[in-house]
Each structure stands twice: as C-alpha cells, then as structure tokens.
Amino acid sequence: MKILISNDDGYQAPGLMALYEALKDVADVEVIAPEQNNSAKSNALTLHSPLYVYRANNGFRYVNGTPADCVHIALSGLLDYRPDLVVSGINNGANMGDDTIYSGTVGAAMEGYLFGIPAIAFSQVERDWHHLDSATRKVRELVESMHQQQLIGHAPFLLNVNIPNLPFEQIGSTKLCRLGRRHAAEKVIQQINPRGETMYWIGAAGPVKDDADGTDFHATAQGHVALTPLKVDLTDHDNLRYWAQSVSRLSAAQQPATP
Ligand code: MN
C-alpha cells in the first residue's frame, strides 16, 4: 500500500509527524505538506505565483503553497506512481459540521478524492495536541483494518474523522456520523495597529447549533471517534423540484411579449 500524507498545519506540525509515525510501518508513505500553517484554506490552489518543493532534513517535502497545492502537485507530476490512499492531518483542532467547508485538512484529502483516490482527513477535537499518541494509535488501527477489509485501493471515498483528546483506553468505538451544524461565526475583532490603522481579525468559529444524536459533535462529546463520509456535489437535491417551478416561472416572465 502506498500512502500520500499531507496536512494544513504545516510540515513541522506535531500532528503531521504523528500521522507519519502511525502509517510508516503500515505502508510506503510520502509526506508533502505546506511550509506554513494553512488552516482554513479549504481547497484553494495557488495560480498566480510559482510553487517550489523543498526537502526537509527528516525526508518530508514541503511546498510554499496550500494543502490542496501539495496534493495536486504530488498527483499531477511530482510522484511517479499513484498512491492507494491520501491521508491528511492530524489536525490541531476539530473539523466538524461547517468546519469542513473551510478546513485545509479536509481540502487536502478532497484534492486526492477529486483525483479519484480514496482519502481520509484526520483531526483531534481539542487544539492542544493532548493525547496525540492515542490519536496516532487510532489512525493506525483504522487504516490497518480498512486495508485488511480491502476498502482501500478501489472506489474513491472521502472520509472525515475526528478523534477526541483522551487516553487510548478511554476512546470509545468509531461511530458513523452526519455533520452537525454551527451558528454563524463570532464577530470580527478590530484592533488599531501602531500606525493608527484599523486591523481586522477573523473571529472564532460559531458555537454548536446542531449536536443531536448522530452528529460528529455528539459522538466526540461521548468520547467516540466520529467518522463522516463526505461528498463534493454541492447541488441542493432536496430542493431541485422547488427550483424547477421557480426557474420556469422566471423564464416565462423573461419571455419577450408577443407583438
Ligand atoms: Mn489546521
């Protein structure tokens, strides 16, 4: 099995090393990650400046770009083989509910999925690297058992996995979840810089709005690992019928009047 590893916290992040440690004995692994912290860069690609690939002392490669850039470069020319799996993380903090839209961790995995390769995004719920060793063991356990059950290397999938920061023995089973929801983000933070100009800092993610039974928020709060299969199709399938009627009324209204 060949695994491409990336992340969004940057090539020096402890979570990336944890992912490497989790998988290096399970598969042939290659690490290509952003040079800087690229959290919340989603699927962004760098189109207007050149990208460079560097080699760190520990063998990891890093790129002056986004998580999606790293995976894109790897799969479209840098690697001379096709990985069986793309794995991203382990992120410093939860990627649950609406976080998945903004997440660079999910973005890196999604780039693999868009290239037709199975992909998994891993995150730790709390942002302090506590119990990273147990997250590492959980990752190895999950990927090994997926490999044994021959889930890897066939049809592409995109999984989002959030692991609670707990001692290994206290982490519950892996629960299949849907995404929860957050309220809109907190207010932007305004400050004055030393030159008297106003600076704006994007506020924190909003508080949880839907953490009902069955959501990722609920599962991780109970100490379980939350596993959510994601899709890329943003079409509002539930409302296609409503929009069919509305759009036909719109087109009728736009018809030029018959003379
Ligand atoms: Mn991050």
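Residues numbered from 1 in each chain as written. Predicted model: local features only at pLDDT ≥ 70, side-chain atom pairs only at ≥ 80, totals over all residues. Heavy atoms only, no water.

**Student:** Which parts of the structure should I look at to understand the pairing of strand β2 (residues 28-34)?
**Tutor:** The side chains of a regular strand alternate between both faces of the sheet. Counting buried positions along β2 gives five out of seven residues, so the element sits mostly inside the fold. Sheet topology places strand β1 (residues 2-6) next to β2; four bridges connect them, and they run parallel. Directly across from Ile 3, in β2, lies its bridge partner Val 29. Note on the crossover from β1 through helix α1 (residues 14-23) to β2: the handedness is right-handed. In this structure, β2 lies alongside strand β4 (residues 61-63), joined through three bridges in parallel fashion. Directly across from Pro 34, in β4, lies its bridge partner Val 63. (Buried < 20%, exposed > 50% of the residue type's maximum accessible area, 1.4 Å probe, protein only. Helix = DSSP H or I, 4+ residues; strand = E, 2+ residues; numbered from the N terminus. Pairing = 2+ DSSP bridges. Right-handed = clockwise from strand over helix to strand, strands pointing away.)

**Student:** When you look at the packing of aromatic side chains in this model, what are you seeing that I'm missing?
**Tutor:** For any pair of aromatic rings, the description rests on two quantities: the centre-to-centre distance and the angle between the ring planes. Here the structure, examined in full by the defined rule, presents five aromatic pairs. Relative to Phe 60, the ring of Tyr 20 has its centre 5.2 Å away and its plane inclined at 65°; by these criteria the two rings are edge-to-face. With a gap of 40 residues between them, Tyr 20 in helix α1 and Phe 60 in the loop between β3 (53-55) and β4 connect regions that are remote in the sequence. Classification of Tyr 20 as partly exposed rests on a relative accessible area of 24%. Using a relative accessible area of 3% as the deciding quantity, one classes Phe 60 as buried. A ring pair is formed by Tyr 54 and Tyr 62, whose centres lie 5.2 Å apart and whose planes are at 25°; its orientation type is stacked. With a relative accessible area of 14%, Tyr 62 lands in the buried category. (Phe/Tyr/Trp six-rings, centres within 6.5 Å; stacked < 30°, edge-to-face > 60°.)

**Student:** I tried to follow the coordination of the manganese ion on my own but got confused; where do I start?
**Tutor:** Tetrahedral coordination by four donors places them ideally at 109.5 degrees to one another around the metal; octahedral coordination by six donors ideally gives 90 or 180 degrees. For the manganese ion, every protein donor is listed as Asp 8 (OD), Asp 9 (OD), Ser 39 (OG) and Asn 91 (OD1), and the spread of their distances is 2.1 to 2.3 Å. Expressed as a motif, the donor residue spacing for the manganese ion is D-D-x29-S-x51-N. On the criterion of sequence distance, the pair formed by Asp 9 in the loop between β1 and α1 and Asn 91 in strand β5 (residues 85-92) is long-range, its members being 82 residues apart. Each member of the pair Asp 9 and Asn 91 is classed as buried. (Donors = N, O, S within 2.8 Å, 3.2 Å for Na, K, Ca; no water.)

**Student:** Help me understand the packing of helix α2 (residues 67-78) against helix α4 (residues 104-114), please; the structure alone is not making it clear to me.
**Tutor:** Working note: a packed helix pair is described by the angle between its axes plus the distance between those axes. Orientation of α2 relative to α4, taken along the N-to-C sense of each, is 20°, at an axis distance of 8 Å. If you check the angle between α2 and α4, you find them roughly parallel. The two elements α2 and α4 meet at a crossing, and its hand is right-handed. When α2 is examined against α4, the residues Pro 67, Ala 68, Val 71, His 72 and Leu 75 are found in contact with a partner set consisting of Gly 104, Gly 107, Ala 108, Glu 111 and Gly 112. Residues that form the contact of α2 with α4 fall into these classes: five nonpolar, four polar and one charged. (Axes fitted to C-alpha atoms, helices over the stretch in contact; angles between N-to-C directions. Parallel < 35°, antiparallel > 145°, perpendicular 65-115°, else oblique. Left-handed = near helix turned anticlockwise from the far one by under 90°. Contact = heavy atoms within 4.5 Å. Nonpolar A, V, L, I, M, F, W, Y, C, P; charged D, E, K, R; others polar.)

**Student:** It is not clear to me how the pattern of salt bridges should be interpreted in this structure. Could you clarify?
**Tutor:** What the rule picks out here adds up to seven salt bridges. Linking Lys 24 and Asp 25 is a salt bridge whose minimum nitrogen-to-oxygen distance equals 3.7 Å. The closest approach of N and O atoms between Glu 30 and Arg 61, which form a salt bridge, is 2.3 Å. Separated by 31 residues along the polypeptide, Glu 30 in strand β2 and Arg 61 in strand β4 bring together distant segments of the chain. With respect to burial, Glu 30 and Arg 61 carry one shared label: buried. Each member of the salt-bridge network shares a partner with another, and the members are Glu 21, Lys 24 and Asp 25. (Salt bridge = Lys/Arg side-chain N within 4 Å of Asp/Glu carboxyl O.)

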